[in-house]
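Each chain, written out:
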Amino acid sequence: MSQKITIAFGTVIACFLVTVAAMFYGMSTISRSYVKFHDQSYQALMHTYEIRVNLQAALKNLGLAVISDTSEDSSKYGQLAQEYVDEMTKSLDWLKSNYKGDQTLINQFSAQIADATSLRTQIVELNSRGDSFSDSQSSKLLMEQYNPLIEEATENLQTFADQVEEASNKEYNTSMVTRNILYVVAVVIIIAALVITCIMALALIRAVVNPVKQLQKAMNDMERGSLDIELDYEAEDELGMLV
């Protein structure tokens, strides 16, 4: 009898442990996905946004430097443009060093920014001369070469941001699917454990009640003086020994 009870409780405990293990696995998977999202996708999107903001600010100040009437204003705006470029470079360096995904577009963007840096240097140099011809040349260089190059680089940066966001959404959807599957598995295991528990409980009740009833009937017969008693319960458990 004790062996049957041990098996019953062992089965219930095994189902419980499987359920707990499945839930821990699910929480661990979701936790890893969140960490990956925060360390990769979220940070990459934030740095990409900062690059775009600083790039547009640098372009704006470079344009103001070109159209400024005085050399002081031109120098001031040129310096501001360089500061924004430096901030943009920091974010770009972070992406190249830390982002683990496809960096093809980032490398293209970096090469375009290097070309733009060369053009910006020429524009600033021409603008610093102060004569009308040089001003005309710097404006032409800004409009015909620098601006189109920046627009192309911005498109690559936006495409990269879209790719990161798509990968982030895919990771999120995968995590949600894993979570839902684990919830279903946990519910199924719990239901199975309850069914198995009920079946084994009924079996245990029958295993205990039937021989007890036979013993009770035999004792009643013995009280009435009948010694011709036959019990058909045979087992190697405690009740079998008692019978």
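Right, let's walk through the structure included here. (Residues numbered from 1 in each chain as written. Predicted model: local features only at pLDDT ≥ 70, side-chain atom pairs only at ≥ 80, totals over all residues. Heavy atoms only, no water.)

## Overview of the overall build of the chain
So, step 1. Of regular secondary structure, the chain possesses 5 helices and 0 strands.
So, step 2. Reading the helices (α) and strands (β) of the chain from amino to carboxyl end gives α-α-α-α-α.
So, step 3. Every one of the 243 residues in the chain was classed for burial, and the buried ones make up 32%.
So, step 4. Pairs at least 24 residues apart make up 72% of the contacts formed inside the chain by residues separated by at least 6 positions.
So, step 5. As displayed, the chain offers around 15700 Å² of accessible surface, 59% of which is attributable to carbon and sulfur atoms. (Helix = DSSP H or I, 4+ residues; strand = E, 2+ residues; numbered from the N terminus. Buried < 20%, exposed > 50% of the residue type's maximum accessible area, 1.4 Å probe, protein only. Contact = heavy atoms within 4.5 Å. Areas by Shrake-Rupley, 256 points an atom, 1.4 Å probe, with all protein chains shown as cover.)

## Focus: the side chain of Ser74
So, step 1. Relative to the elements of secondary structure, Ser74 occurs in helix α2 (residues 71–98).
So, step 2. Non-local contacts of Ser74, meaning those with residues more than four positions away in its chain, are made with Ala65, Ser68 and Asn127.

## Considerations on the pattern of salt bridges
Where charged atoms from two side chains of opposite charge approach closely, those side chains can pair.
So, step 1. Counting across every chain of the model gives 2 salt bridges.
So, step 2. The partner of Lys90 in a salt bridge is Glu87, and the shortest N-O contact between them spans 3.4 Å. Pair noted here: Lys90 and Glu87 are both in helix α2, with a separation of 3 residues, about one helical turn.
So, step 3. You can call Glu87 partly exposed: its relative accessible area is 38%. (Salt bridge = Lys/Arg side-chain N within 4 Å of Asp/Glu carboxyl O.)

## Looking at the nonpolar core
So, step 1. Judged by nonpolar contacts, the single largest core of 30 residues is most densely connected at Phe109 and Tyr146.
So, step 2. Among the secondary structure elements, those contributing two or more residues to this core are α1 (2–67), α2, α3 (104–129) and α4 (132–223).
So, step 3. Per element, the largest residue contribution to this core is 9 residues, and it comes from α4.
So, step 4. The contact partners of Tyr146, leaving out residues within four places of it in the chain, are Leu59, Leu62, Ala116, Leu119, Arg120, Ile123 and Leu141. (Core = buried A, V, L, I, M, F, W, Y, C linked by side-chain atoms within 4.5 Å.)

## Re the layout of surface pockets
So, step 1. Approximately 250 Å³ is the volume attributed to the largest pocket.
So, step 2. By residue number, the principal contributor to the lining of the largest pocket is α2, which donates 5 residues.
So, step 3. For the lining of the largest pocket, a count of residues per class yields 5 nonpolar, 10 polar and 2 charged. (1 Å grid on protein atoms, 1.4 Å probe; cavity = no way out; pocket = protein on both sides within 12 Å on 5 of 7 lines; lining within 4 Å. Points joined across faces, edges and corners; volume = space filled by probe spheres on them. Nonpolar A, V, L, I, M, F, W, Y, C, P; charged D, E, K, R; others polar.)

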